[in-house]
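What the coordinates show
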Amino acid sequence: MQKLSIQQLFIAMGIAVAGVCAAPMSASAQTFITPFAGVTFNGDAPGHQLSTGVALTAQGKVAGFELEFGYTPDFFKESTNVIFSGKSNVTTLMGSLIVGVGGGPVRPYGIAGVGLLRTRIDSGSALVSNLRTSDFGVNAGFGLIGMVSEHVGLRGDMRYFRRLQDPSDDNSIDVALGQFDFWRAYGGVSFKF
C-alpha cells in the first residue's frame, strides 16, 4: 500500500481546498452556518451519545465546500470497570466537498471529506495511563436542507466517520482505513447569508 508523508498529505489537502475555493461560483452561491445537535451510534460508539457542533458551508448551484466541527462528550460512557472509569470525548474537524441536488427550497445532498479526528480517554486510575490521539480521518454521508424562509432553514444529516491508521515511525501515514469508526446523525437550524 502506498504511503504518503504528512507534508504530502497537507499539500494534497491544500490543493483540493484551493481548487474548490477557486472554482467559479455563480451569483446564486450561498453561505450557511448551521449549529447542530445529534447522536453518535454504531461502530465504536457504545451507545447513543449527545453530539454538538457547527458547520460552515459555501455552496453554488451544484457543489461547494464545508468546514465542520463536532464534539461528543462522554463518547465511550463512564464505566465502573477497573481499566476505564474516567471521562472521554471525541472531537472532529472536517473539510468536505458537498454536492447538492436541485435549487429549490428542499435540497438533498451528499458529502465526503477528510480532516482531524481526536479521541481522549482519561482512565481515572493511576495504574492505567490516559489515551489521547489526534489522527487524520475521513467522513461521508448525506442530508437534506429545507428552507422555511429566505434566510432560515432546517437541516438533517447522517455521516460515517473513520480514522486513518496512525502514523508509522517513518513520519508517514498509511492511507488504509483504521479500526476506529462511528456514525452520527444530527439536526440543526441553517442560517443563510
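Just above sits the structure.
We now turn to the structure provided with this report.

Glancing now at the overall build of the protein chain. On a plain count of helices and strands, the protein chain comes out with one helix and ten strands. Mapped in sequence order, the helices and strands of the protein chain form the string β-α-β-β-β-β-β-β-β-β-β. Among the 193 residues that make up the protein chain, the fraction classed as buried is 39%. Of all intrachain contacts in the protein chain linking residues separated by at least 6 positions in sequence, the fraction that spans at least 24 positions is 61%. A total accessible area of about 10100 Å² is found for the protein chain, and carbon and sulfur atoms account for 67% of it.

On the secondary structure map, F32 appears in strand β2 (residues 30–41). F32 sits 23 residues away from A55 along the chain, and the two C-alpha atoms are 7.9 Å apart. Setting aside chain neighbours within four positions, we find F32 in contact with A55, L56, T57, R107, M147, S190, F191 and K192.

Turning next to the environment of H151. Note that H151 resides in the loop between β7 (131–147) and β8 (152–164). Along the primary structure H151 and S190 are separated by 39 residues, whereas in three dimensions their C-alpha atoms are 8.1 Å apart. Sequence-distant contacts of H151, defined by excluding residues within four places in its chain, comprise S190, F191 and K192.

With that out of the way, let us pick up the packing of aromatic side chains. Where two aromatic rings form a pair, the distance of their centres and the angle of their planes describe that pair. The tally for this structure, following the rule as stated, stands at eight aromatic pairs. Aromatic side chains F75 and F76 sit 4.8 Å apart centroid to centroid with 75 degrees between the ring planes, which places their arrangement in the edge-to-face category. Ring centres of F75 and F180 lie 5.8 Å apart, and the angle between their planes is 55 degrees; this geometry places the pair in the tilted category. You can see F75 sitting in the loop between β4 (63–73) and β5 (88–100) and its partner F180 sitting in strand β10 (residues 177–192), a full 105 residues away along the chain. By relative accessible area, which is 0% here, F75 ends up buried.

Before going further, it helps to examine the pairing of β7. By the bridge criterion, 16 bridges tie strand β6 (residues 106–121) to β7 in an arrangement that is antiparallel. When the sheet's bridge partners are listed, G113 is paired in β7 with N139. Two elements, β7 and β8, share eleven bridges in a ladder whose sense is antiparallel. Paired with N139 across the two strands is F161, which belongs to β8.

You can see F142 is positioned in strand β7. Each C-alpha atom, one on F142 and one on R159, is 6.7 Å from the other, the two residues being 17 residues apart in sequence. Here F142 is in contact with Y109, G110, I111, G156, D157 and M158, once residues within four sequence places are set aside.

The next point concerns unusual backbone geometry. Positive phi, normally seen in glycine, also occurs at N42, with a value near 55 degrees. Tracing the sequence through the fold places N42 in the loop between β2 and β3 (49–59). Accessibility expressed as a relative area gives 49% for N42, which makes it partly exposed. The phi dihedral of D74 falls on the positive side, at around 55 degrees, and the residue is not glycine. For D74, the position within the fold is in the loop between β4 and β5. Residue D74 is classed as partly exposed on the basis of its relative accessible area, which comes to 28%.

Each value, and the rule that gives it
- Residue positions within a chain follow its written sequence, with the count starting from 1.
- Local features in this predicted model are restricted to residues of pLDDT 70 or higher, and side-chain atom pairs are both shown and tallied only at a pLDDT of 80 or more, whereas totals for entire chains, interfaces and linings draw on every residue.
- Side-chain metrics rest on all non-hydrogen atoms present in the structure, leaving aside hydrogens and water.
- Numbering of helices and strands runs from the N terminus; a helix is a DSSP stretch of H or I covering at least four residues, while a strand is a stretch of E covering at least two.
- Buried residues are those whose accessible area, probed at 1.4 Å on protein chains only, stays under 20% of the maximum for their type, while exposed residues exceed 50% and partly exposed ones sit between those limits.
- Residues are treated as being in contact if the distance between any of their heavy atoms lies within 4.5 Å.
- Surface accessibility follows the Shrake-Rupley procedure with a 1.4 Å probe radius. Residue values consider only the protein chains on display as shielding.
- Between 30 and 60 degrees the pair is tilted, below 30 it is stacked and above 60 it is edge-to-face, where a pair is any two Phe, Tyr or Trp rings, Trp via its six-membered ring, whose centres lie within 6.5 Å.
- We call two strands paired when DSSP finds no fewer than two bridges between them.

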